[in-house]
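Each chain is listed here by its residues.
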Amino acid sequence: ITDDTARALEAFVQQAGVEPGTRVILNSPGGLLEGGMALGDTIRRLGLQTDIGRRVGTGRYTRIARGACESACGTAYLGGTFRHLFPGSTFGVHRYWTTDRAQDTVEDGQIMTAELITYVTRQGASPDLVTRIAQTPASRMENLPVGELLAMHVVTRSEEHTSELQSQFRIS
């Protein structure tokens, strides 16, 4: 996920005539945090839903399989008007960092954290997600349990979707 990913999605949606409510399937190791937030805002503005998974097969035999949405992919995922979770898929978080760590300052970190909290709450998720992000070292990926994702409103909670997740992931 780069600074250009949101523009690329918007161009594709316009060219292909993708309708609001269409599900965007995400499977990515992440990328730039700011790019993920811009992509999520674009997904929301276009009225698209999100899911974590990946397409396998070709032609008529394409199906969705489990996937992983990590780091900046998770911020993009939050943009979905309804956020699905394909069975077996993972949502991974870790502390954000810059490519030029010599230029990092406490002030920059505080500004970015404030922007992330604002983004997360604007998308309807709990700011507790930002706490989980900050608690996980940048060098490690933490896959959050489905129950925690539901509690933090990362995965959209609906009676039907929650029952489906409970049976698939054996959560209470």
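The rules behind the values
Residues numbered from 1 in each chain as written. Predicted model: local features only at pLDDT ≥ 70, side-chain atom pairs only at ≥ 80, totals over all residues. Heavy atoms only, no water. Salt bridge = Lys/Arg side-chain N within 4 Å of Asp/Glu carboxyl O. Helix = DSSP H or I, 4+ residues; strand = E, 2+ residues; numbered from the N terminus. Buried < 20%, exposed > 50% of the residue type's maximum accessible area, 1.4 Å probe, protein only. Disulfide = S-S within 2.5 Å. Expected span 1.5 Å × (residues − 1). Contact = heavy atoms within 4.5 Å. Arc of directions from axis to C-beta.

If you walk through the whole model with that rule in mind, you get seven salt bridges. We note a salt bridge from D51 to R23, for which the minimum N-O separation is 2.9 Å. Of this pair, D51 sits in strand β2 (residues 49-52) while R23 is found in strand β1 (residues 23-26), placing the two residues 28 residues apart along the sequence. Relative accessible area serves as the criterion here: at 2%, D51 is assigned to the buried category.

With that out of the way, let us pick up the state of the cysteines. If you walk through the whole model with that rule in mind, you get one disulfide. Between the sulfur atoms of C69 and its disulfide partner C73 the distance amounts to 2.1 Å. Note on the C69 and C73 pair: the S-S dihedral is about -105°, so by sign convention the disulfide is left-handed. Taking the relative accessible area as the measure of exposure, C69 reaches 0% and is therefore buried. For C73, a relative accessible area of 0% translates into the label buried.

A separate point is helix α2 (residues 33-45). With 13 residues, α2 extends 18 Å from end C-alpha to end C-alpha; this agrees with the ideal 18 Å at 1.5 Å per step. For α2, the set of buried residues is L33, G35, G36, M37, L39, G40, T42 and I43. Residues of α2 that are buried make contact with α1 (5-16), β2, α3 (72-77) and α4 (106-122). G47 sits one or two residues past α2 and shows a positive phi near 75°.

Every α-helix carries 3.6 residues per turn, so stepping three or four residues along brings you back to the same face. Between its terminal C-alpha atoms α1 stretches 16 Å, which fits the 16 Å expected from 12 residues at 1.5 Å a residue. Buried residues of α1: A6, L9 and V13, and no others. One side of α1 holds all its buried residues, which, seen down the axis, span an arc of 60°. Residues of α1 that are exposed and point over 90 degrees away from its buried face: R7, Q14 and Q15. Looking at the packing, one finds that the buried side of α1 touches α2.

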